[in-house]
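# Chains, contacts and geometry: an overview
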Number of protein chains: 2
Amino acid sequence: MQDNKKLVQEITSRDEDFAKWYTDIVLKADLVGYSGVKGCMVIRPYGYAIWENIQKLLDKRFKETGHENVYMPMFIPESLLNKEKDHIEGFAPEVAWVTHGGSEELTERLCVRPTSEVLFCEHYKQIISSYRDLPKLYNQWCSVVRWEKTTRPFLRSREFLWQEGHTAHATAEDATLETEKMLNVYSDFCAEDLNMPVIKGRKTESDKFAGAVATYCIEALMHDGKALQAGTTHYFGDGFAKAFDITYTTKENKLEYVHQSSWGVSTRLIGGIIMAHGDDSGLVLPPAVAPVQVVIIPVAQHKEGVLEKAKEIADKLEKAGWRVKLDDSDNSAGWKFSEYEMKGVPLRLEIGPKDIEQNQCVIVRRDNRIKTSVSLDSFEEAVKNLMKALADGIYEKSLENIKNRTYTCKNIDEINAALTQNGDGFVKAMWCGEEKCEDEVKEKTGAGSRCIPLEQEKTADTCVCCGKPQKHMVIWGKAY
Amino acid sequence: MQDNKKLVQEITSRDEDFAKWYTDIVLKADLVGYSGVKGCMVIRPYGYAIWENIQKLLDKRFKETGHENVYMPMFIPESLLNKEKDHIEGFAPEVAWVTHGGSEELTERLCVRPTSEVLFCEHYKQIISSYRDLPKLYNQWCSVVRWEKTTRPFLRSREFLWQEGHTAHATAEDATLETEKMLNVYSDFCAEDLNMPVIKGRKTESDKFAGAVATYCIEALMHDGKALQAGTTHYFGDGFAKAFDITYTTKENKLEYVHQSSWGVSTRLIGGIIMAHGDDSGLVLPPAVAPVQVVIIPVAQHKEGVLEKAKEIADKLEKAGWRVKLDDSDNSAGWKFSEYEMKGVPLRLEIGPKDIEQNQCVIVRRDNRIKTSVSLDSFEEAVKNLMKALADGIYEKSLENIKNRTYTCKNIDEINAALTQNGDGFVKAMWCGEEKCEDEVKEKTGAGSRCIPLEQEKTADTCVCCGKPQKHMVIWGKAY
């Protein structure tokens, strides 16, 4: 197979087999390769470039909110992991254990971090002693390992890349505010940079992070109506502080425990981008994270002046700060169109001899394929406007998807009817607060509780399951 | 211990006990914390910020030379590691083995990557088929694990952060050129961004990377006269390609093996910065990687107008692109001076009521402590000039150290005499090319072969050890 002759192959239709469509895209858009290690993926240059852009934008938001990056060891001694009871119970079944260094058996097993709460706690105990040392607002970019049984690229893998924020505060209030602040940072990032609207909410007791007092999350809705948990923040109270004895002296010289939070998002976000925006021609990338934002395709590039003009346009757009690719390879224009549609490049700019004669070029939006003829005197302005229109457009489309696929239901029959008639989606329904009812809804409808949205509505007086008085509105749904 | 009253404690004198001086600095400049995992370090915010700056600058150089970032799994199945004979022999004794996932024993052990040649090879086999697919110029930023017996922060730890470039080329010539190009990228980076001159050379056969045809290196000289291998590049020929069956079809439709290279630098560079530039007051950071480049200390800051003026200066310097910290805490000026000297901040700008009266401020260089009074009308220009002068100054000082500590010797007695009289350093001496002599020199003088410099000189006709005809000039020395 020669690269320049490679035809962009048909991918499975999104509405026919969403799971296969997803796999086709991650492979054909060159995001991921399979490795010989079960459940671990190779993130290829195009996929990694998306992650680098996500990192850059999120890291900026973290630093603007006062956070600093650190790096903790990737290994956790078994005794350290065991220090917080709920935490170890949650994670022990899914960690990878290192038992040998070289040819020697270790005296204590080390697990490869599934998350780093205990390492941060151990460090905080060393460096925190006074109220003047607080807050500590640390973040770490790294990879973590969870020994999952079934895996899918980006969505669930044994190793994945993520960031984990870990903070320590003087009071419960400060730690709670941090948890809320970072939930907003995530939600703003998803909306503004990934053009993916999310619902902010709190997890139910049964769905909390191991060791947390409260877990908050952002839930996005994919094209197929399934939910994707796109990020979480956890309020720990002083549970970890007590287990690790992390205390500080107040201004009044009293000894108090710190209060902590943690929060994280991962390469899972790339899975979210694919499933929220992609279509039957491939990826549709949000401009803020697209490795290439404008691809320039010279038409009849052998004709005099075409390549020069294309190069001139590319230079100007690069100077204006866009990530630009000029494809002057000898592949056919048709091949190029398909290739960059598969790769989800937001704007395609075509320029040929006739365009040059008419002092214009053609810009095509990836999301709706609308072509606009643009004067060569103002193409920079046009790129700016069309890029914004695309970002707004895919956001609106995702929001529309949520609206169309959100069903308000009063009982289990209504849930089943709604999901059967309209397909998967978010179900809004009231809940009494009992775990028994939560389990029963999931069992009878397949839709689990996604979250208790921060923005509450009262759509009924009684629990969707038992009919007793309601306590919260819950969003239910099937999830990745 | 209250932060604001903490006194900057004396550190061990550099000339009295260099090893202890080093440890004092990494701890007291808040670069590193100890973790409960033997041989693994916590990289604290100030240390990690240096690494982030190194990453940013190197990554730019990599991308400018056409490289793309990827991410490979952190685990390598034992059978995959075993595929290239020399490679496994070199690394097997020092890898950490994962034997269990959750409660289940794995059917095949996985090692935590000590380096990722075999993973890249496995991937290259999948994605390379035609000459059109070449070259592949990939790089990865990650952490790797080597089960070292004795460890020191940054210099040798069981886990460390690094980047590893892995490339595949059509011809031996292309792969060789890449190896040389990246050696130059490293050397330019060390000189221009770390202000640390290095010697470029080739390793002897006995000192090559496991699996390489040739290993090149950059060697820096620390203040105490010991060498630090600061980076390496490896030419693999087609050895890995044959072991992994990585072939491509040429233009003429013939099947050929690819030729490969790899290259890496690590957090070890931070150790190099400390030991090349630091002094008895602490770190001296190269401006390009200093987390804070200018610290502004308001003097008598309670007096009217002082803080406002300090803030105004800080804003202007930030706008000019400098990383600036204004310390308006209630710590004493003396405490602040010591603290930022310990942290190696290149320039300290002092501004007090008298300065304001005279429309001036005082700028103090960290490296030589020279104070300059600067008009408030031109302080931005002054900062720019003094920053460059400091960068040049510490480079020159390091170069001077190499000159003063390079001894040209004709026999083993001369080496011993030079090292005894003048202290450790680089020894220039001719070598016949026999491993026996290389070993004998090390045994009798303590100085091993560091490299065969690319810039050769002929300082004698005969081997420094056996007296037979010489083949190469070698740089010998004790090393970290």
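Residues numbered from 1 in each chain as written. Chains lettered and ligands numbered in written order. Predicted model: local features only at pLDDT ≥ 70, side-chain atom pairs only at ≥ 80, totals over all residues. Heavy atoms only, no water.

## Re the relation of the copies chain B and chain A
Mapping between the two copies of the chain is achieved by a rotation about an axis and a shift along the axis. Each copy of the sequence occupies a distinct position, and chain B is placed on chain A by a rotation of 180° and an axial shift of 0.0 Å, giving an RMSD of 0.0 Å. Each copy turns onto its partner about a two-fold axis. When each C-alpha of chain B is compared by its distance to the rotation axis, B:V98 comes out closest, at 2.1 Å. Looking at chain B, 100% of its interface residues are interface residues in chain A too, so the copies touch through the same face. (Least-squares fit on C-alpha atoms with pLDDT ≥ 70 in both. Contact = heavy atoms within 4.5 Å.)

## Here's the deal with the environment of B:K343
Take B:K343: it is sitting in the loop between α10 (333–342) and β17 (347–351). Considered as a pair, B:K343 and B:Q421 are 78 residues apart in the sequence and their alpha carbons are 33 Å apart. (Helix = DSSP H or I, 4+ residues; strand = E, 2+ residues; numbered from the N terminus.)

## Some details on the sheet that holds strand β14 (residues 259–266) of chain B
Hydrogen bonding along the main chain pairs the strands of a sheet, whether they run parallel or antiparallel. All names here are of chain B. Reading across the sheet, the 11 strands line up as β3-β7-β8-β14-β11-β10-β9-β22-β23-β21-β20 and stay open at both edges, with mixed pairing between neighbours. With one partner strand each, in any of the chains shown, β3 (68–69) and β20 (406–408) form the two edges of the open sheet. Contacts from helix α6 (residues 172–192) reach β7 (136–145), β8 (159–169), β9 (199–202), β10 (214–221), β11 (227–237) and β14 within the one sheet, and its direction differs from that of β14 by about 15°. Relative to the sheet, helix α13 (residues 412–422) contacts β20 and β21 (426–431), its axis offset from that of β20 by approximately 150°. (Pairing = 2+ DSSP bridges. Axes fitted to C-alpha atoms, helices over the stretch in contact; angles between N-to-C directions.)

## As for the nonpolar core
Judged by nonpolar contacts, the single largest core of 150 residues is most densely connected at A:I54, A:F75, B:I54 and B:F75. The residues contacting B:F75, other than those within four sequence positions of it, are A:V37, A:C40, A:A96, A:V112, A:V145, A:W147, B:V98, B:L110, B:C111, B:V112 and B:L119. (Core = buried A, V, L, I, M, F, W, Y, C linked by side-chain atoms within 4.5 Å. Buried < 20%, exposed > 50% of the residue type's maximum accessible area, 1.4 Å probe, protein only.)

## Comments concerning the sheet that holds strand β7 (residues 136–145) of chain A
Residues and elements named next belong to chain A. With mixed pairing, 11 strands are arranged side by side in an open sheet as β3-β7-β8-β14-β11-β10-β9-β22-β23-β21-β20. Strand pairing shows two members of the sheet lacking a second neighbour, β3 (68–69) and β20 (406–408), which therefore form its edges. In this structure, strand β21 (residues 426–431) lies alongside strand β23 (residues 472–477), joined through five bridges in antiparallel fashion. Residue pairing in the sheet places M430 in a bridge with M473 of β23. Taken strand by strand, helix α2 (residues 45–64) contacts β3, β7, β8 (159–169) and β14 (259–266), and its axis lies near 165° from that of β7. Each of β7, β8, β11 (227–237) and β14 is contacted by helix α5 (residues 117–127), which is oriented at about 150° to β7, the strand it contacts most.

## Let's talk about the state of the cysteines
Counted by the stated rule, this structure contains zero disulfides over all chains. A:C465 carries a free sulfur, and the closest cysteine sulfur to it, the one in A:C437, is 3.9 Å from it. Between B:C142, a free cysteine, and A:C142, which holds the nearest cysteine sulfur, the sulfur-to-sulfur gap is 12 Å. The class for B:C142 is buried, based on a relative accessible area of 8%. (Disulfide = S-S within 2.5 Å.)

## Side note on the pairing of strand β22 (residues 448–453) of chain A
Consecutive residues of a regular strand have side chains that alternate between opposite faces of the sheet. Residue and element names in this part refer to chain A. For β22, the tally of buried residues reaches six of six residues, placing the bulk of the element in the interior. One ladder, built from two bridges, connects strand β9 (residues 199–202) with β22; its direction is antiparallel. From the neighbouring strand, R202 faces β22, where its bridge partner is I452. In this sheet, β23 lies alongside β22 in antiparallel orientation, the contact comprising three bridges. Looking across to β23, one finds that S449 is bridged to W476.

## Some words on the interface of chain B and chain A
Between chain B and chain A, the contact holds 59 residues from the first and 60 residues from the second. Roughly 4800 Å² of surface becomes buried between chain B and chain A when both sides are summed, with 57% attributable to carbon and sulfur atoms. Scanning the region where chain B abuts chain A turns up four salt bridges. Here B:E104 and A:K149 are joined by a salt bridge, their closest N and O atoms 3.2 Å apart. At the junction of chain B and chain A, the tally comes to 25 residue pairs in polar contact (both at pLDDT 80 or more). Judged from the five bridges that link them, strand β5 (residues 96–101) of chain A and strand β5 (residues 96–101) of chain B form a sheet pairing that is antiparallel. (Buried area = accessible area lost by both parts, 1.4 Å probe. Salt bridge = Lys/Arg side-chain N within 4 Å of Asp/Glu carboxyl O. Polar contact = N/O pair within 3.5 Å; in protein donor to acceptor, adjacent residues only side chain to side chain.)

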